[in-house]
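Overview (structure and organization)
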Amino acid sequence: PVAPRSALQISSNPRSPSTRLYLAGFHLFLILLFHVEVSALVMLLFGVKIAAVMTAIGMNLSPLDDIAQFRREGHTGEKHPLPYMMIAVNCLTWCFYAVLKGDYFPMLMTNGIGAAAGMFHISAFVYFQTYNTETAKSGATPQSAKKEGEGSKYDGRPYLAVVFLSIFLWASIIVSHDEKEAASILGTCGILVVCGLFGSPLIVMADVIKSKNSRALSRPLSFLSFLCALSWTTYGFLAQDIFIWGPNSVGLMLATAQLSLILIYPDLEGEDSSASTKTSGIESVPVVGHVLQLLTKILTLKGSKRDPRATHDGSPSTSISKVEIELQRRYPKKEPEEGNPDLCLDNMLLNDHSAIGYAS
């Protein structure tokens, strides 16, 4: 009789069904393992890229907070127009590059939004600046205008002109060169512009250190620049693309320097000015002033039988409230008719009929 073969002999035979089953199972395990690893890497790259795109859009839209501040204060203050110009120039550069490469999503979409936002930022800066044509004709500079209380330290019109000049420059490069050469030129210029974008807020670094106040730096722009540079640097390392992580790592260091200045020299004057703006905004309303004056007179006349400055024990008071002093300064009281104290309230109401009608 023939002895049965062992299991090892059976499995070592490549033609046996058991060996084929073992090999098929091992191959399936390798395929699943490789597929899971590849899927995890792809999902990680996709997630980082989405974060990078979102932070880039947020960085391009972050100066809207500065524009709102310009509108409240009526001037641009110590803010410099260079960061707003660099947002527009950077996004316009990559828009032309995306058209050449045919990358309409997400490159063209993201940078299209950023280009429109950058054009709006620099245009709003020029609109709200108080250094206008009349000031320039008088021979005053932006710095002297700031000292004289004009409110805007820098003139943004040359920077707006640079934005339109960049559009003409990139269009001429596309027209005068073939597609591959033009893409190479725009890509190189785009890398340089990205580094300039992240470093542009540091143009006021000397003023920040000298004044020990970071009011000239935009906090939303600096923070979102840090997140954007960090996201694209991470994506560049994962994708092993030096043209992505190279310039963005430089931008990460520059954004870190901006945040360091903001932390070292906090903007304390901004909080005080915002509080004073709210108070002065209420006091500056004419209706409120008239109504407060009228109510103060009515409450004072209720005690016209005695001295309004007297205390409860009848002794005259040595202090007057600040509200009363301010109201007396802004709206001087008219002396009532002598010998007719009962008609005092009626006379005051008649004198303030315009205020009542305006308030109603």
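Everything discussed here concerns the structure shown above.
What this report covers is the structure whose coordinates are included nearby. On a predicted model such as this, the values are computed, not experimentally measured, just so you know.

What about the packing of aromatic side chains?
One pass over the full model with this rule turns up six aromatic pairs. Residues Tyr84 and Phe125 carry aromatic rings whose centres are separated by 5.9 Å and whose planes lie at 45° to one another, so their mutual orientation is tilted. Residue Tyr84 is located in helix α4 (residues 82-101), and its partner Phe125 is located in helix α5 (residues 104-128); the two are separated by 41 residues in the primary sequence. Taking 5.8 Å as the distance between ring centres and 90° as the angle between the ring planes, the aromatic pair formed by Trp232 and Tyr235 counts as edge-to-face. Placement of the pair is Trp232 and Tyr235 together in helix α11 (residues 219-239), with a separation of three residues, close to one helical turn.

Digging into the packing of helix α3 (residues 64-73) against α5
In contact at an axis separation of 10 Å, α3 and α5 are set at 15° when each is read in the N-to-C sense. Compared by their axis directions, α3 and α5 come out roughly parallel. As α3 runs across α5, the sense of the crossing is left-handed. When α3 is examined against α5, the residues Leu64, Ile67, Phe70 and Arg71 are found in contact with a partner set consisting of Phe120, His121, Ala124, Phe125 and Phe128. Class assignment of the residues belonging to the contact of α3 with α5 gives a composition of seven nonpolar, one polar and one charged.

Things to note about helix α12 (residues 242-264)
Since there are 3.6 residues in each turn of an α-helix, residues three or four apart along the chain are aligned in direction. The first and last C-alpha atoms of α12 sit 32 Å apart over 23 residues, in line with the 33 Å expected at 1.5 Å per residue. Among the residues of α12, those classed as buried are Ile244, Gly246, Pro247, Asn248, Gly251, Leu252, Ala255, Gln258, Leu261 and Ile262. Packed against the buried residues of α12 are α9 (179-199), α10 (205-211) and α11.

Here we look at a nonpolar patch on the surface
Side chains of Leu61, Leu64, Phe105, Met109, Ile113 and Phe120 sit close together on the surface and give an oily, nonpolar patch of about 550 Å² of accessible area. Relative to the helices and strands, Leu64 is located in helix α3.

Notes on the nonpolar core
Within soluble globular proteins, side chains that are nonpolar generally end up buried alongside one another. Formed by 30 residues in total, the largest nonpolar core has its most connected members in Met59, Met85, Met86, Val163 and Leu186. Going through the elements one at a time, α2 (17-61), α4, α8 (157-176), α9 and α11 are the ones with two or more residues in this core. Among the elements that make up this core, the one with the highest residue count is α4 (13 residues). If we ignore the near neighbours within four places in the chain, the residues touching Met85 are Ile122, Tyr159, Val162 and Val163.

Structural notes on the pattern of salt bridges
Taken as a whole and assessed by the stated rule, the structure comprises three salt bridges. The residue Lys153 makes a salt bridge to Asp207 at a minimum N-O spacing of 3.4 Å. With Lys153 in the loop between α7 (142-147) and α8 and Asp207 in helix α10, this pair connects stretches of sequence that are 54 residues apart.

Examining the side chain of Asn111
Tracing the sequence through the fold places Asn111 in helix α5. The class of Asn111 is buried, set by a relative accessible area of 12%. A polar contact of 2.8 Å, which involves the side chain of Asn111, links it to the backbone oxygen of Met107. With residues up to four places along the chain from it excluded, the contact list for Asn111 reads Cys91, Trp94 and Cys95.

With respect to the state of the cysteines
According to the stated counting rule, one finds zero disulfides in the structure shown. We note that Cys95 lacks a disulfide partner, and the nearest cysteine sulfur, in Cys91, lies 6.6 Å from it. By relative accessible area, which is 12% here, Cys95 ends up buried.

Looking at the packing of α4 against α5
At a minimum axis distance of 7 Å, the contact between α4 and α5 shows a crossing angle of 150°. With respect to their mutual orientation, α4 and α5 come out roughly antiparallel. Relative to α5, α4 is oriented so that their crossing is left-handed. On α5, the residues touching Tyr84, Met85, Ile87, Ala88, Cys91, Leu92, Trp94, Cys95, Tyr97, Ala98 and Val99 of α4 are Tyr104, Met107, Leu108, Asn111, Gly112, Gly114, Ala115, Gly118, Met119, His121, Ile122 and Phe125. Tallied by class, residues from the contact of α4 with α5 come to 18 nonpolar, five polar and no charged.

How each quantity is defined
Residues numbered from 1 in each chain as written. Predicted model: local features only at pLDDT ≥ 70, side-chain atom pairs only at ≥ 80, totals over all residues. Heavy atoms only, no water. Phe/Tyr/Trp six-rings, centres within 6.5 Å; stacked < 30°, edge-to-face > 60°. Helix = DSSP H or I, 4+ residues; strand = E, 2+ residues; numbered from the N terminus. Axes fitted to C-alpha atoms, helices over the stretch in contact; angles between N-to-C directions. Parallel < 35°, antiparallel > 145°, perpendicular 65-115°, else oblique. Left-handed = near helix turned anticlockwise from the far one by under 90°. Contact = heavy atoms within 4.5 Å. Nonpolar A, V, L, I, M, F, W, Y, C, P; charged D, E, K, R; others polar. Expected span 1.5 Å × (residues − 1). Buried < 20%, exposed > 50% of the residue type's maximum accessible area, 1.4 Å probe, protein only. Patch = residues over 30% accessible without salt bridge, like charges linked within 9 Å, V, L, I, M, F, W, Y side chains within 5 Å. Areas by Shrake-Rupley, 256 points an atom, 1.4 Å probe, with all protein chains shown as cover. Salt bridge = Lys/Arg side-chain N within 4 Å of Asp/Glu carboxyl O. Core = buried A, V, L, I, M, F, W, Y, C linked by side-chain atoms within 4.5 Å. Polar contact = N/O pair within 3.5 Å; in protein donor to acceptor, adjacent residues only side chain to side chain. Disulfide = S-S within 2.5 Å.

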